[in-house]
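Next come the chains, spelled out residue by residue.
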Amino acid sequence: MKKVIFVFFILVFPFTCGFLNIAHRGDNEGGKFAEHSWVAYDRALCVQANYLELDLQKTSDNVLVVSHDENLSRVFGIDKTISDSSYQDLLRYKNQNGESIHSLEEVFKRYRNSKVRFMIEPKGDSEKDIKLLLDLIKQYHLENRVLLESFSKAILINALKLDHQIPTAQLSGDFKISPLTQSYANNFYSKKAANYLNDTGKDYLLWGVNSKEKMQQYLQGGEVSGILTDYPVKLAQILHKNNIFKIKYVDISFPSESISGQMDLKNGNSFYVDQVKMKNNQLFYHVKPGIWVSYDKFKNYDGFAPKLRQGKIKLQQAALIYTDPSFEKCSGRKLPKNSSWNYFAEKKVQGKIAYNLGGSQWIKQ
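The structure contained in this document is the topic of the report that follows. Because the structure is predicted, anything quoted here is derived from the model rather than measured. (Residues numbered from 1 in each chain as written. Predicted model: local features only at pLDDT ≥ 70, side-chain atom pairs only at ≥ 80, totals over all residues. Heavy atoms only, no water.)

## Observations concerning unusual backbone geometry
Convention followed: Under the DSSP-based scheme used, a helix requires at least four consecutive residues in state H or I and a strand at least two consecutive residues in state E, with every element numbered from the N terminus.
Even without being glycine, His141 reaches a positive phi, approximately 55°. In this structure, Gln350 takes a positive phi of about 50° despite not being glycine. Along the polypeptide, Gln350 turns up in the loop between β18 (345–349) and β19 (352–356).

## Observations regarding the pairing of strand β2 (residues 51–58)
Operational definition: Burial classes: relative accessible area under 20% of the type maximum marks a residue as buried, over 50% as exposed, and values in between as partly exposed (1.4 Å probe, protein chains only). Here, strands pair whenever DSSP counts at least two bridges between them. For a crossover, the right-handed case is the one in which the path from the first strand over the helix to the second runs clockwise, viewed with the strands pointing away from the viewer.
Burial of β2 is extensive: 7 of the 8 residues sit out of reach of the surface. With 3 bridges connecting them, strand β1 (residues 20–24) and β2 associate as parallel partners. Each bridged residue has a counterpart across the sheet, and for His24 the counterpart in β2 is Glu53. Handedness of the β-α-β unit built from β1, helix α2 (residues 38–46) and β2 comes out right-handed. With 6 bridges joining them, β2 and strand β4 (residues 117–122) adopt parallel strand pairing. Residue pairing across strands places Leu52 opposite Phe118, the latter belonging to β4. Note that β2 and strand β3 (residues 64–66) share 3 bridges and pair antiparallel. Bridge pairing links Gln57 to Val65 in β3. Once β2 ends, the chain turns through 5 residues before running back antiparallel as β3, passing Asn62 with a positive phi of about 65°.

## Things to note about the side chain of Asp27
Spelled out, the test is: Residue contacts are defined here by distance: any two heavy atoms, one from each residue, within 4.5 Å place the two residues in contact.
Within the secondary structure layout, Asp27 lies in the loop between β1 and α2. Residues in contact with Asp27, not counting those within four places in the same chain, are Phe33, Ala40, Arg43, Ala44, Asp230, Tyr231, Pro232 and Val233.

## Brief notes about the pairing of strand β11 (residues 270–279)
Pairing geometry for strand β10 (residues 257–264) and β11, over 6 bridges, is antiparallel. Each bridged residue has a counterpart across the sheet, and for Met263 the counterpart in β11 is Phe271. Taking the residues between adjacent antiparallel strands as the criterion, β10 and β11 are bridged by 5 residues, where Gly268 takes a positive phi near 100°. Sheet topology note: the β11/strand β12 (residues 282–288) ladder contains 5 bridges and is antiparallel. Within β12, the residue paired with Lys277 across the bridge is Phe284.

## So, the pattern of salt bridges
Threshold: For this analysis, a salt bridge means a side-chain nitrogen from Lys or Arg found within 4 Å of a carboxyl oxygen belonging to Asp or Glu.
By the definition in use, this model includes 16 salt bridges. For the salt bridge of Asp55 with Arg25, the shortest nitrogen-to-oxygen distance reads 3.7 Å. Placement of the pair is Asp55 in strand β2 and Arg25 in the loop between β1 and α2, with a sequence separation of 30 residues. In this structure Asp55 comes out as buried when scored by relative accessible area, which is 1%. Take Arg25: its relative accessible area is 13%, and that puts it in the buried class. Residue Asp89 pairs with Arg92 through a salt bridge whose shortest N-O separation is 2.6 Å. With relative accessibility at 55%, the residue Arg92 sits in the exposed group. Linked through salt bridges whose partners overlap, the residues forming this network are Arg25, Glu35, Asp55, Asp69, Arg74, Glu121 and Lys123.

And the structure:
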């Protein structure tokens, strides 16, 4: 019997306890929570996701902010290019959860006392841009808690040139990565890539894995090292059920995690919060000794911002493309009638629905 248990430990334990749960822009659940928001990050933190995945842009005054898009249009509903704007100017705009854009330094401050790591995709590829990022990482002593990811080999090369010990991940492209690069990630499973990466001791990561079926498949296969997902809470629950020791958390109540930051209540009061926990899928924040406040008591809704929803639309008529959901500025481009398009956000404007086709591209139907 002992032998059977030992064999089961060898086969199961590495794939359940060592499998990386990477929160893609936080636990945004396909748009239910604003991506790169405190609530999305905090949810991922509470289920002990291994990494928060962060996209970086740089403002006109050289502040690194977390945003996938270079423009605020899709998430904040305003046609504003980040690189042309100061950080203070960007703080005027709110996402669907009532939060403004966050700087990378704010993220580091909020989570430096936790155990979560940061998988960071810088957009700028110059040595100056990479140095700005590395200096901030070193300032907060997070060298051992970051993984730099990029589609661009130039970015990874510049990072390694400035700090050859910084962990890096190649996104897509050739899976036969540099010996100095630790991880490779793409959005589809490749047996050939899996074999090569496993043989060379590299991590194989997949992004865009959001269904329970796919999560289970890659978890049990043993060839994938981890997943970048919009649903890290869902993945954490699957990992928990597959972990025979259940050492990290119980089914409905996760342990509290350390954070550091201010949050505003709906009544206008502001509180410093130092811990967050999740119970029955609801976040609770520690605001005073022995006092926990549920997330729904905080200011967490903004009626102006678009809703981050994904779907597909078939155009009933030809549609002009605008740069914001208020349709104030036309790009001059037009989409044909009966064509079909994926959309990533929507907003009701003057009785019509505005659909976002990515970045600062909006149509109305």
